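Coordinate analysis (summary)
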Amino acid sequence: MAIKKSIRILCSVLIFLMILPVFIITPLTVQAEDSIVDINIAGITKKYKEAAKWLGYINDLRMSNDLSELVMDADLMELAMKHSAELSVHIGNGNLDGTSIIGGKYNVQYISIAYGQIISRNSVVNEKNSVIMSSSIKSIGVGYIGGRNSINYMTIVTSYKAANEVDPSVLTQSNVKLDMPTKCSTEYLSNLVLSPAANSNIEVGSDLPVRFLVSNKNDTEYTAYVTGDTYITTTNSAVIKVTNPNRILTLKKGYATIGVYFMYAPSIGAKAEYTVVPNSAGDLVVSPIPDQIYTGKALTPQVTVKSSNGAELQAGTHYTLTYSNNINVGQALVEVKGMGAYIGQSVTVKFNIIKNESASVLTVKSDKTNMTLGESASIVATVTNGSAPIKYKFEYATLGSSAYTTLQAASTSNKATFKPSKVGSYTVRVTANDSSGITTVGNVDINVSSALNSTVKVSPSPITLGNTVNVVGSATGGVLPYSYEISVKKPGSSAYTIINAKGSTNSCSYKPTSSGTYEFRVAVTDGEGSSSYSTQVLNVTDASLVNNST
């Protein structure tokens, strides 16, 4: 008892991130009796690493004031963790069962509580906080938990007894899951109020504000902890667990059951059932949409919507419009979705997109789609069904780029010459405008490669008669694929003899039959029909003559 009398609550830092407004309308009340109920605190985590960080802040301050460092006590830390968890259910300095948090076996001297999200360091660690600045205390327990909705809770407990030091490895852990069965006094869960009145008829489209209040005998008002929410179905009843007391629920035809429950004590709660009836505003009526002419762009024709009572309705006030499949020739859709008094109603209307037979069509062609650098391509644009005069603008860009450069300004000429200065892939775009204001766009892609070059290599070189050489041809530039033809001109001959027929093979072997000078030629042809030739001379000597000369 002496210990309890000496307890001082010296620091309470309360940070509320959300203040829930309370409304009471024709209440449906569940009155919990004053008793102890079993609850389970779940969905939270113990953050030992963060608790150790806060101990570091505290010891920095103590050492700057010539006080000894405090040691984290294992029992006090778990006691502080437990109370931090309880804070997520009920904000108060006692246990949930109504008893004191201070246990004699822990030799607790002081308790300082701070809770909220992103607690300010100065709100707990400051020179005015004599709980942590007392020279008589020797051990400390810091409890730091991560609660629901990213709200953190912290408790600091101190003692004048020497610490039962916590294992250092524990203080490296964070987000340790905690499911904590405990006892709770129903005085913390005393009055649950739900509105509007149950067993009443509510029109489709009307607002059903679900509001609740929890009152505590010893304090003012507490809002209930509730989870999730599920929308009302059109055919079945459903319990709505709201996360916000001002959540507006959308009602459709059928039956609705609204329920509000305590997260940690689901046996304590309130619910109300309602019959959702058709509203007096009537139903959505959408007029047919005439056929639309294809333009190549998304079509959003005007839609006329009335109620079945004859009232004209306005988009954005009574309904929204969503178009789909509304670019190409074919059948398009527009969904008319009710708002306000027409919530829950949806009408889908079809309309046709048809081809304008007189619409202009642009065709763009090039005499070359693959060419080598230095060559030119002739671009011709042709418009059919256009209204003369027609003007053509030619532009080009590297393939895939949207940055076009003018090749030829808009004029009545439908031809242009394209001679690129760099190797690469290009798109030539033509924009045609006829006299009726119709614009059509077409393009053609052109690949530009470097000029075709060929080489030939004969090895070994020179050789003596009786040896064999390898002849290898290679190519660069041009347009793939390459084909190779290898031939040889023998000593005393003016014509070439083919030794490797034209094909994809670029090498062969050859054994000279006499001494003298041989000339090997490789002819390369690329995929566009361009050709390139290269030659190499090979000297062949008679081995017997070489030996005699030595």
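Residues numbered from 1 in each chain as written. Predicted model: local features only at pLDDT ≥ 70, side-chain atom pairs only at ≥ 80, totals over all residues. Heavy atoms only, no water.

Overview of the packing of aromatic side chains
The test is simple: The pairing test for Phe, Tyr and Trp rings, Trp by its six-membered ring, is centres within 6.5 Å, and the orientation test on the planes gives stacked under 30 degrees, edge-to-face over 60, and tilted for anything in between. Note on conventions: DSSP H or I runs of at least 4 residues are helices, E runs of at least 2 residues are strands, and numbering of each starts at the N terminus. The cut-offs for exposure are 20% and 50% of the maximum accessible area for each residue type, with area from a 1.4 Å probe on protein chains only; residues under the lower value are buried, those over the upper are exposed, and the others partly exposed.
Taken as a whole and assessed by the stated rule, the structure comprises six aromatic pairs. Between Tyr 396 and Phe 418, the aromatic rings sit 5.3 Å apart at their centres with planes inclined by 45°, giving tilted as the arrangement. Separated by 22 residues along the polypeptide, Tyr 396 in strand 27 (residues 391-398) and Phe 418 in strand 29 (residues 415-418) bring together distant segments of the chain. Exposure remark for Tyr 396: the relative accessible area of 25% places this residue in the partly exposed category. Ring geometry for Tyr 510 and Tyr 518: centres 6.2 Å apart, planes at 65°, overall edge-to-face. Note on Tyr 510: relative accessible area 11%, which makes it buried.

Some details on helix 2 (residues 48-64)
Definition in use: Take the residue count of a helix, subtract one, and multiply by 1.5 Å to get its expected span.
With 17 residues, helix 2 ought to run about 24 Å at 1.5 Å a step, and its terminal C-alpha atoms sit 25 Å apart, in line with that. Taken together, the buried positions of helix 2 are Tyr 48, Glu 50, Ala 51, Trp 54, Leu 55, Ile 58, Asn 59, Leu 61 and Arg 62. Positive phi shows up at Asp 66, right after helix 2, with a value of about 60°.

Concerning the sheet that holds strand 23 (residues 346-354)
The line we're drawing: Strand pairing is defined by DSSP finding a minimum of two bridges between the two strands.
In spatial order, the strands read 19-23-22-21; together these four strands make up an open sheet with mixed pairing. The open sheet is flanked by strand 19 (292-293) and strand 21 (319-324), the only strands paired with a single partner. Here eight bridges tie strand 22 (residues 330-338) to strand 23, and the two strands are oriented antiparallel to one another. Counterpart to Gln 331 in the pairing with strand 23 is Asn 352.

Points about the side chain of Thr 372
Convention followed: Pairs of residues are marked as contacts when any of their non-hydrogen atoms sit within 4.5 Å.
Looking at the secondary structure, you find Thr 372 in strand 25 (residues 370-372). Residue class for Thr 372 comes out buried when judged on its relative accessible area of 10%. Not counting residues within four places of it along the chain, the set of residues in contact with Thr 372 comprises Val 448, Ser 449, Ser 450, Ala 451 and Gly 478.

Here we look at the environment of Asn 164
Checked against the element boundaries, Asn 164 lands in the loop between strand 7 (152-159) and strand 8 (176-185). Judged by its relative accessible area of 43%, Asn 164 is partly exposed. When the C-alpha atoms of Asn 164 and Ala 74 are compared, they prove to be 5.9 Å apart, with 90 residues separating the residues in sequence.

A closer look at the sheet that holds strand 36 (residues 497-503)
In space, the five strands of this open sheet follow the order 33-39-38-35-36, with mixed pairing throughout. What marks the edges here is a single partner per strand, and that holds for strand 33 (463-464) and strand 36.

A closer look at the side chain of Thr 427
Cut-off, in case you're wondering: Counting of polar contacts relies on pairs of N or O atoms within 3.5 Å, with two restrictions inside protein: one atom must be capable of donating a hydrogen and the other of accepting it, and residues adjacent in sequence are counted only when both atoms are side-chain atoms.
One can find Thr 427 in strand 30 (residues 424-433). Of the polar contacts made by the side chain of Thr 427, one reaches the side chain of Asp 445; its length is 2.8 Å. The contacts of Thr 427, once residues within four sequence positions are left out, are Glu 395, Tyr 396, Ala 397, Leu 399, Tyr 404, Asn 443, Val 444 and Asp 445.

Structural notes on the pattern of salt bridges
As a reminder, the rule being used: Salt bridges, as used here, are contacts in which a Lys or Arg side-chain nitrogen is within 4 Å of a carboxyl oxygen on Asp or Glu.
Applying the stated rule across the entire model yields five salt bridges. Between Lys 393 and Glu 395 there is a salt bridge; the shortest N-O distance is 3.7 Å. Residue class for Lys 393 comes out partly exposed when judged on its relative accessible area of 31%. You can call Glu 395 buried: its relative accessible area is 9%. A salt bridge links Lys 489 to Glu 519; its shortest N-O distance comes to 3.8 Å. Remark: Glu 519 occurs in strand 38 (residues 516-525) and Lys 489 occurs in strand 35 (residues 483-489); sequence separation between them is 30 residues. By relative accessible area, Glu 519 is classed as partly exposed at 21%. The network of salt bridges with shared partners includes Lys 393, Glu 395 and Arg 429.

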